[in-house]
Amino acid sequence: MLDNELLQTFVEESTELLENLEQNLLKLEKRPDDKELIKEIFRLIHTIKGSSALVGCCEITNFVHHAEDLLDQIRNNLLELNSEVINILFIIHDIIKDLINSLIIADYEIDIDRLNLTIREIQNCIDVKNISYKRDKKIALKRSEQSKVYNIKVEFNTELFQTGTDPLLLLRELNELGCFIEVYLAYKRIPDFFEIDPVLCYLTIEFVLKTKMPFEKIKDVFVFIEIDSNVKIEDVTKNYRENIDETLVDKKPGEILVDKGLLSEEDIDEALSREILTKKRKVDSQQINKVLQEQQESRSIQEKSTIKVSTDKMELLMNSVAELVISQARVKERISRKTLNDDQQLNASLQEVDKKIRFLQEEVMKARMVPIGNTFLRFRRLVRDLSRDHGKKVNLVIRGKETELDKMVIEKIVDPLKHMLRNAIDHGIELPEERTALGKVESGTITLDAYHREGYIFIEITDDGRGLDKERIRESAIKRGIISNDNLPAADEQIHELIFEPGLSTSDEITETSGRGVGMDVVKSNIEALRGSISINSMENKGTKYRLKLPLTLSIIDGMSVIVGDKHFIIPINSIIEFYQPNKSEIKSVSGKGESVRIRGEYLSLFRLSKLFSINNNVEDPINGILIVLKDDDKKITLLVDEIIGQQQAVVKSLEDNYDNVQGIAGATILGNGRVAMIIDVSSLMKIAFK
Amino acid sequence: MVEKKAYQDNTMDILNQQLANIAAENQFLTFIVENEEYGVDVLTVQEIIRYKKPTVIPNTPEAVRGVINFRGEVIPIIDLRKKFGFDTKKYNRFTVIIIIEILGKIIGMIVDQVSDILSFSKEDIQETLDFSSDIDTEFISGMAKLDDRLIILIKLEKLLSFNEYKVLNNIDDDKNINNETNISNDELVKEDD
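Residues numbered from 1 in each chain as written. Chains lettered and ligands numbered in written order. Predicted model: local features only at pLDDT ≥ 70, side-chain atom pairs only at ≥ 80, totals over all residues. Heavy atoms only, no water.

Trainee: Could you give an account of the sheet that holds strand β6 (residues 96-102) of chain B, naming the residues involved and the relevant values?
Mentor: Residue and element names in this part refer to chain B. Spatially, 5 strands are ordered β3-β6-β7-β5-β4 in an open sheet, and the strand pairing comes out mixed. Every interior strand has two partners, whereas the edge strands, β3 (45-50) and β4 (64-70), have only one. In this sheet, neighbouring strand axes are inclined to one another by 30 degrees on average, regardless of whether the strands run parallel or antiparallel. Taken together, the 6 bridges between β4 and strand β5 (residues 73-79) define a ladder with antiparallel strand orientation. Considered in β5, the bridge of Phe70 is made with Glu73. (Pairing = 2+ DSSP bridges. Helix = DSSP H or I, 4+ residues; strand = E, 2+ residues; numbered from the N terminus. Axes fitted to C-alpha atoms, helices over the stretch in contact; angles between N-to-C directions.)

Here is the structure:
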């Protein structure tokens, strides 16, 4: 609705914070006792609240405020962190997300009832615990009835206001905890009047606070600013002894000891504070280690995602590079045509340009690459919610987080991956009882893995569930007329492939997650639109593995330019193993089954591109043409073309944009002479070939 | 020859210029296919270009002649003669490609000849049609009358449903196979570089 820059920044920032929040909530579910985690969550929520107030989104601020109340209770051990509360926290996350979405998406419907209900639930939680809260408070007070005096020096970060924090609120909060004895304002950071930037905070305040609250409580006040502001809290009780004496009613055991002359005050204070400190250290160091470990895991991902450039800009940059590649091809062609070919210097300069463009292109491409880790982590929540709904126990194992791929590709595979995960949970993983009966571990495992190989990216989703039910797939396929009774596929692989047919569903009942028979065919077409492919490997009671094969990038490929008849085609270099010029004796035609060629003892089927594409050719006899040995996964074929022009870079233009997806064609490219050539998609070409 | 080409280019320049200046609704670019005059909403028209030989997309319906490079985009070219079920005719110097943008997609239509830019008032357009059954009204959104001319207005969205092309293709695939018609005049096919 609003489209100013500030709001944009807020939405981007909050989306990131929310993602972070979700991950932390998932961790919290596993380790509800982790105090550091709760603090981190509190901090995240608070930051959202602060920045939402800054951009004037009152609904968000108000709602988050409730959430903060709840977290405050948890943080102060006043509320037990049971699964119910964690669920509320998850709902809170969802609602904030909804609220933020409603800012950017027009007509986005917010479930107001759910929002109000959640607020009520939060209040219930707090109210119920309020009784115990008071009791706890008394205990807490008793524990440290002895007043302490702290000297607190706060050097606020100059950028403080930008985080939406109001220093005054901090002071008020402190004032509630005890009473100020002295307050000083340090002037040294305030610049000359003419240099003052009104949006910066130059405050340095030093105050002496007398309080009965424990040290932690004081420290908590500064929890949000201690990261970037300089906060020093010092226990100076002994310096203000007199002051305290006057106000003290009860005498403390330590004092009695002092009175009796057994120990000096200093000794006690020292002993006490040392003990507290070491105790605290112990706890801290353990927790810190734990947190550090986790940080390390995700650091590589987070550090890399720090620079924000809008995808539009990246796209523009990439397009410009693509245009550059085309223009260069044009220059190249002209030079070769104008018999300037002999000009050594010109050629050398052209090669230099070529090198530079390649470099530029690679760098731009790299900039578009992001690790898939963040996307994978996002699925944790999905798996958690789904497995709860289905009463199944599922463990999500994530591997290959650092594997990088094109941002555009990632955006386009999120939905297909989601769908396959749903399938794995819904159809794959069995109920805990079933699993134990089968002698499997009670909780199922789904593994998400990503890796690079042979210039492609592979993403695998593996579950250890019951595997695809061949019988039911076959039945369903016959029922829906996808296959006929007299033409039954025999191989497992072929039966598994059937799940990609539109309309096929093996689930008897329709659930929210699956059973509607739309899905795998959409997944497949989505993947193919990215010039990728998908394969299944399934074993009964062992599980199912889906493997996606995706190109590293969508925009520019290295290709081999070939000619058939009067038409140019580009074949991706990745798919080419070798070129071969056969002898007569090596060509065998198998009656009814086409031709084959023997290359160094290996028989490969021979296909003619002219036949596959029903176009004219100039070369009929394979001996006069050239064979290209192509591979896709473990399949190999040879393809007959008239001649080979040479290697060239091709900017991939989608045919789908203005036309449709075409089998055997990955897209089109614009040649140096301005004409269009088709880029061949080897994996779907093989499908035409073997049809 | 050169003069004729220049003349042809000139007409197209004028038309294109007119196109660029038009913003009003109810203006139609009219063109001729098999002696009939057809019209499309001028606002959908991007440009009129000379016929250039498209690159064939393998295994596609015959009405889809292929793709060309239009301002760096790869766009499909549809032969309206084929699409409307007429016989193929040799492309000549009047043959042009009208580039239109519809529902975010850009496609080109090969037509026999462009004729005019006309404006009709709403009353001139008759939307309900009653033709004898041998005329396929699927692609027609209405008829417009101007003096004694009758102009058939094309439903452009229909051109985008490429799926239906396949059905069409299967029917006349057999009789038209390898019947690729090339432009008679080599001069026109050559790339403009």
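Once the structure has been displayed, the description carries forward.
Trainee: Provide a residue-level description of the packing of helix α11 (residues 311-337) of chain A against helix α12 (residues 344-368) of chain A, including the pertinent values.
Mentor: Axis angle and axis distance: for two packed helices, these are the angle between their axes and the distance between the axes, and together they describe the pair. All names here are of chain A. Direction vectors running N to C along α11 and α12 enclose 160 degrees, while the axes themselves pass 10 Å from each other. Put simply, α11 runs roughly antiparallel to α12. Of the two possible hands of crossing, α11 and α12 adopt the one that is left-handed. On α12, the residues that touch Met314, Glu315, Leu317, Met318, Val321, Leu324, Val325, Gln328, Val331, Lys332 and Ile335 of α11 are Leu346, Leu350, Val353, Asp354, Ile357, Leu360, Gln361, Val364, Met365, Ala367 and Arg368. Tallied by class, residues from the contact of α11 with α12 come to 16 nonpolar, 2 polar and 4 charged. (Parallel < 35°, antiparallel > 145°, perpendicular 65-115°, else oblique. Left-handed = near helix turned anticlockwise from the far one by under 90°. Contact = heavy atoms within 4.5 Å. Nonpolar A, V, L, I, M, F, W, Y, C, P; charged D, E, K, R; others polar.)

Trainee: Describe the interface of chain A and chain B, naming the residues involved and giving the relevant values.
Mentor: With 27 residues of chain A in contact, the opposing surface of chain B contributes 28 residues. When chain A packs against chain B, close to 2200 Å² is buried across both sides, 53% of that on carbon and sulfur atoms. On the chain A side of the contact with chain B, Asn658, Tyr659 and Arg675 of chain A bury the most area, a combined 35% of that side's loss. In this assembly, chain A and chain B are joined by 9 residue pairs in polar contact (both at pLDDT 80 or more). Of all the secondary structure elements, the ones that give two or more residues to the side of chain A that touches chain B are α11, β13 (567-572), β21 (665-670) and β22 (676-680) of chain A. Looking at side-chain class alone, the side of chain A that touches chain B contains 13 nonpolar, 5 polar and 9 charged residues. (Buried area = accessible area lost by both parts, 1.4 Å probe. Polar contact = N/O pair within 3.5 Å; in protein donor to acceptor, adjacent residues only side chain to side chain.)

No statement about biological role is implied by the geometric values presented.
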